[in-house]
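# Coordinates in review
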Amino acid sequence: MRTPAVLITGANGEIGHALIERLAVADAAIVTIDVTPLDPALARHVRRELTGSILDRGLLERVLAEFEVDRIYHLAALLSTRSEFTPLTAHDVNVAGTLNLLELAQHEGESHGRPVAFLYPSSIAVYGMPDAETKAGIPPVREEDYNQPRTMYGCNKLYCEHLGRYYGRHYKQLASGVEPRVDFRSVRFPGLISAMTLPSGGTSDYAPEMIHAAATGKPYACFVRPNTKIPFMAMPDAVDALLALAAAHPEALTRYAYNLSAFSPTAEEVRDAVLKAFPDADIWYSADAKRQAIVDSWPAEVDDSAARQDWGFSPKFDFTTAFDDYLIPTIKERYR
Ligand code: AKB
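Residues numbered from 1 in each chain as written. Predicted model: local features only at pLDDT ≥ 70, side-chain atom pairs only at ≥ 80, totals over all residues. Heavy atoms only, no water.

### Things to note about the domain arrangement of the protein chain
By a widely used convention, the size of an interface equals the accessible area lost when the partners come together. Considered domain by domain, the protein chain is made up of domain 1 (3-191 + 233-259) and domain 2 (195-232 + 263-298 + 317-335). In this structure, domain 1 and domain 2 have C-alpha centres spaced 26 Å apart. Our count for the domain 1 to domain 2 interface comes out at zero salt bridges. On the surface where domain 1 and domain 2 come into contact, there are 14 residue pairs in polar contact (both at pLDDT 80 or more). Broken down by secondary-structure element, the contributors of at least two residues to the side of domain 1 that touches domain 2 are α1 (14-25), α4 (80-85), β9 (232-234) and α9 (235-247). For the side of domain 1 that touches domain 2, the element with the highest residue contribution is α4, accounting for four residues. For the side of domain 1 that touches domain 2, the per-class residue count stands at 10 nonpolar, six polar and six charged. (Domains from an automatic or database assignment. Salt bridge = Lys/Arg side-chain N within 4 Å of Asp/Glu carboxyl O. Polar contact = N/O pair within 3.5 Å; in protein donor to acceptor, adjacent residues only side chain to side chain. Helix = DSSP H or I, 4+ residues; strand = E, 2+ residues; numbered from the N terminus. Nonpolar A, V, L, I, M, F, W, Y, C, P; charged D, E, K, R; others polar.)

### A look at the side chain of Ser80
Its location among the elements puts Ser80 in helix α4. Judged by its relative accessible area of 2%, Ser80 is buried. Only 2.5 Å separates the side chain of Ser80 from the side chain of Thr203, close enough to count as a polar contact. When sequence neighbours within four positions are dropped, the list of residues in contact with Ser80 reads Tyr153, Gly201, Gly202, Thr203 and Trp298. (Buried < 20%, exposed > 50% of the residue type's maximum accessible area, 1.4 Å probe, protein only. Contact = heavy atoms within 4.5 Å.)

### Some words on the sheet that holds strand β3 (residues 48-51)
Taken in spatial order, the seven strands of this open sheet run β3-β2-β1-β4-β5-β6-β10, and their pairing is parallel. At either end of the open sheet lies a strand with only one pairing partner, and these are β3 and β10 (257-259). Neighbour-to-neighbour, the strand axes of the sheet open up by a mean angle of 20 degrees, direction not taken into account. Summarising the sheet, strand β2 (residues 30-34) and β3 pair through four bridges and their orientation is parallel. Looking at the pairing, Val31 lines up with Arg48 of β3. Its contacts with the sheet place helix α5 (residues 87-112) against β1 (3-9), β4 (67-74), β5 (116-123) and β6 (182-189), and it is angled at close to 145 degrees to β4. (Pairing = 2+ DSSP bridges. Axes fitted to C-alpha atoms, helices over the stretch in contact; angles between N-to-C directions.)

What follows is the structure, encoded as structure tokens:
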């Protein structure tokens, strides 16, 4: 008999850290895959930790030999900045890796006789604003608008949303006796800010980097201009959103990919909030034209009304409370 389990890929990353802590409370048997060993504090919550790549099908088969996977949080990805340096590797990990996981889900779904839930964090990187005037002049962007990503990462995320839709609705539609067995659900995350971990390889990283640098007394050169504006969300709300979407009744869902957002500060507003908490912080601007162009291609605000209506998305933190009630107290405690 195999043990029922939740599989988390990219478990040692930022979202993985927060998600494992939440799922551990729910007492789920957790199986993880990551290219790096899990932090010891996380590893104690996990039933089986596999260190390796999602491109290694043998590794994925080892999971299936022992566990009956009924839910997958597929978090493994190379983020937007890193992907621009190694686009082929990014494509391998972000697309071929996702395809491997979708196949695994379909296989498990066929063997269970019911769909396997597949939770997929997509990103605001799927959008590509044509120019600054458009970005500044439009209402919050809806899911179907401006789907012309500028980065390899954004292309990968957008395509994988479609792969998920294919596995969820149309898989092998001409073969007899085959049913789609993947219950694919995706959110387009904005930049995420965690008090506990730092992201690596993203282009929205300037906000969390500013905060963590100030808390540890390090100087920080912000790589975007002060008036740069994109949506952000506090990590606890991101994890709540994934769990709420996972728990939603399938009939309530009207889309396969949902926008999410909580607040859209400018880089200068983030800096001001950081200076309020850490008045000695040394933060200045040294815009990197290429990273700036990536962030400028992402919308200033997204319309997340579908997520609010369909499955009750409702972030707890706005810009002020994210700093006052979550980031600053938790970060001060963390680095004390
Ligand atoms: C990145 O900057 O690449 C990510 C994202 C917005 O998806 N944080």
